[in-house]
Amino acid sequence: MTELESEAMEAEFDTVAGWTEEAVRALGPEYAIPAGCRGTGSEAALRWLAERLDLAAGTRLLDSGAGVGGPAGWLAAERGVRTVCAEPMAAAVRASRRLFGLASVVALGQQLPFADDSFEVAWCLGVLCTTSDKAGALAELRRVLRPGGRLGLLVFVADGPLTPPLPEGNEFPSEEELLGLLEDAGLVLQDTSEAGLGDSPPEWTERADAVDAEVERRHGSDPAFRQAQENAQRVGRLLSAGELRPWMGVLQVAWNTGVPARSASRRSR
Ligand SMILES: C[S@@+](CC[C@H](N)C(=O)[O-])C[C@H]1O[C@@H](n2cnc3c(N)ncnc32)[C@H](O)[C@@H]1O
């Protein structure tokens, strides 16, 4: 397993990912996509991104920080998109392969095991706030995308100081910081919106809730469950209070061949 920046995040994104796979198997395959979308949790957000990224059947897309593969599974089912997933947590990678038959590799977003210019399109949903090395993750996305390639992002941004208790291991950028990082990485903003996180069909929400309940029934007394649940609830409270916002953006890799300063060391590998 590749380490994350906090034990609570590993509980949430590794241990609970494995339990989510187990619960989906118990309940049925129609539960896999709603339960597997952990960054967006919203079909409307996925649709907005897929439309703006101009995704068509047969398009090959990289999903960096893919989790258990819900968004990539949705893309395959809805658009016929062929997704390659990269995700640091081994249990999540196994779940994405078994639940959706996805091509998935264990990798941090700052160390993607792909050649320069290998993808036309990528997306990265709910991931940048889980790493302190946002510039490294963006530089890698830019490196593996072709000039003119497209990138979809969902990032939880903070508009001001956050009220404790804060979720462990997360670092939320302000929108201004995020826009600066994107510019430094040579990524040009084309369109932006706020994700309506509850904006899904009723059966989507019901199925996601049913899987959460099944995981709790089976593992609710496990300390890793409590730790993961507490971390997720802290994020939920900050979103409900309006202290965090789900920012979505569609970006294009700059056409010029100049290498942005922050990504120069990675491109020379
Ligand atoms: C909120 S989940 C989102 C998962 C998925 N993108 C989705 O929308 O369902 C955040 C994911 O980012 C992964 N992650 C954490 N740190 C990462 C890093 N440095 N590089 C890539 N992924 C990372 C976690 O393991 C987790 O699967």
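What comes next concerns the included structure. Remember, predicted model here, so these are calculated numbers, not experimental data.

**Focus on helix 8 (residues 202-219)**
Next, step 1: Between the first and last C-alpha of helix 8 there are 26 Å, a value that for 18 residues agrees with the 26 Å anticipated at 1.5 Å per step.
Next, step 2: Considered for burial, the residues of helix 8 that qualify are Arg 207, Ala 208, Val 211, Glu 214 and Val 215. Around the axis of helix 8, the buried residues are gathered within 120° of arc, so they sit on the same side. Residues of helix 8 that are exposed and point more than 90 degrees away from the buried face comprise Pro 202, Asp 209 and Arg 217.
Next, step 3: On its buried face, helix 8 is in contact with helix 1 (7-27) and helix 2 (32-36).

**Thoughts on the site of the ligand**
Next, step 1: Around the ligand, the surrounding shell holds 25 residues, and the nearest of these are Phe 13, Gly 39, Gly 65, Gly 67 and Gly 109.
Next, step 2: Residue composition of the shell around the ligand, grouped by class: 12 nonpolar, 11 polar and 2 charged.

**Observations concerning the sheet that holds strand 6 (residues 187-194)**
Next, step 1: Spatially, the 7 strands line up as an open sheet ordered 3-2-1-4-5-7-6, and their pairing is mixed. This sheet does not close on itself; its edge strands, each paired only once, are strand 3 (103-106) and strand 6. The mean angle between the axes of side-by-side strands here comes to 20°, regardless of whether they run parallel or antiparallel.
Next, step 2: Across 6 bridges, the pairing between strand 4 (residues 119-125) and strand 5 (residues 145-158) is parallel. Among the inter-strand pairings, Val 121 is bridged to a residue of strand 5, identified as Arg 150.
Next, step 3: Lying over the sheet, helix 3 (residues 43-52) contacts strand 4, strand 5, strand 6 and strand 7 (244-253), oriented at roughly 15° with respect to strand 7.
Next, step 4: Across the sheet, helix 5 (residues 90-100) is in contact with strand 2 (82-87) and strand 3; its angle to strand 3 comes to roughly 170°.

**A word on the nonpolar core**
Next, step 1: Within the largest apolar cluster, 77 residues are counted, with the highest numbers of intra-cluster contacts made by Leu 49, Leu 61 and Ala 122.
Next, step 2: No other element matches helix 1, which puts 9 residues into this core.

**What about the pairing of strand 1 (residues 60-64)?**
Next, step 1: Taking burial as the measure, the 5 residues of strand 1 include 4 buried ones, the bulk of the element.
Next, step 2: For strand 1 and strand 2, the ladder comprises 5 bridges, and the chain directions are parallel. In the strand pairing of strand 2, Ser 64 is matched with Ala 86.
Next, step 3: With helix 4 (residues 70-79) bridging strand 1 and its parallel neighbour strand 2, the resulting β-α-β unit is right-handed.
Next, step 4: The sheet contact formed by strand 1 and strand 4 spans 3 bridges and is parallel. Paired with Leu 62 across the strands is Ala 122, a residue of strand 4.

**Looking at unusual backbone geometry**
Next, step 1: For the bond running from Pro 164 to Pro 165, omega is 5°, close enough to zero to count as cis.
Next, step 2: Along the chain, the position of Pro 165 falls in the loop between strand 5 and helix 7 (175-184).
Next, step 3: Phi at Asp 54 takes a positive value of approximately 60°, unusual for a residue other than glycine.
Next, step 4: Mapped onto the fold, Asp 54 is located in the loop between helix 3 and strand 1.
Next, step 5: Looking at Asp 54, the number of C-beta atoms within 10 Å reads 11, which means it is exposed.
Next, step 6: Positive phi outside glycine occurs at Asp 117, with the angle close to 60°.
Next, step 7: When you line up the elements, Asp 117 lands in the loop between strand 3 and strand 4.
Next, step 8: C-beta crowding within 10 Å serves as the criterion here: with 13 such atoms nearby, Asp 117 is assigned to the partly exposed category.

Definitions and limits used
- Residues numbered from 1 in each chain as written.
- Predicted model: local features only at pLDDT ≥ 70, side-chain atom pairs only at ≥ 80, totals over all residues.
- Helix = DSSP H or I, 4+ residues; strand = E, 2+ residues; numbered from the N terminus.
- Expected span 1.5 Å × (residues − 1).
- Buried ≥ 20, exposed ≤ 12 C-beta atoms within 10 Å, placed from the backbone.
- Arc of directions from axis to C-beta.
- Contact = placed C-beta atoms within 7 Å.
- Near = placed C-beta within 6 Å.
- Nonpolar A, V, L, I, M, F, W, Y, C, P; charged D, E, K, R; others polar.
- Pairing = 2+ DSSP bridges.
- Axes fitted to C-alpha atoms, helices over the stretch in contact; angles between N-to-C directions.
- Core = buried A, V, L, I, M, F, W, Y, C linked by C-beta atoms within 7 Å.
- Right-handed = clockwise from strand over helix to strand, strands pointing away.

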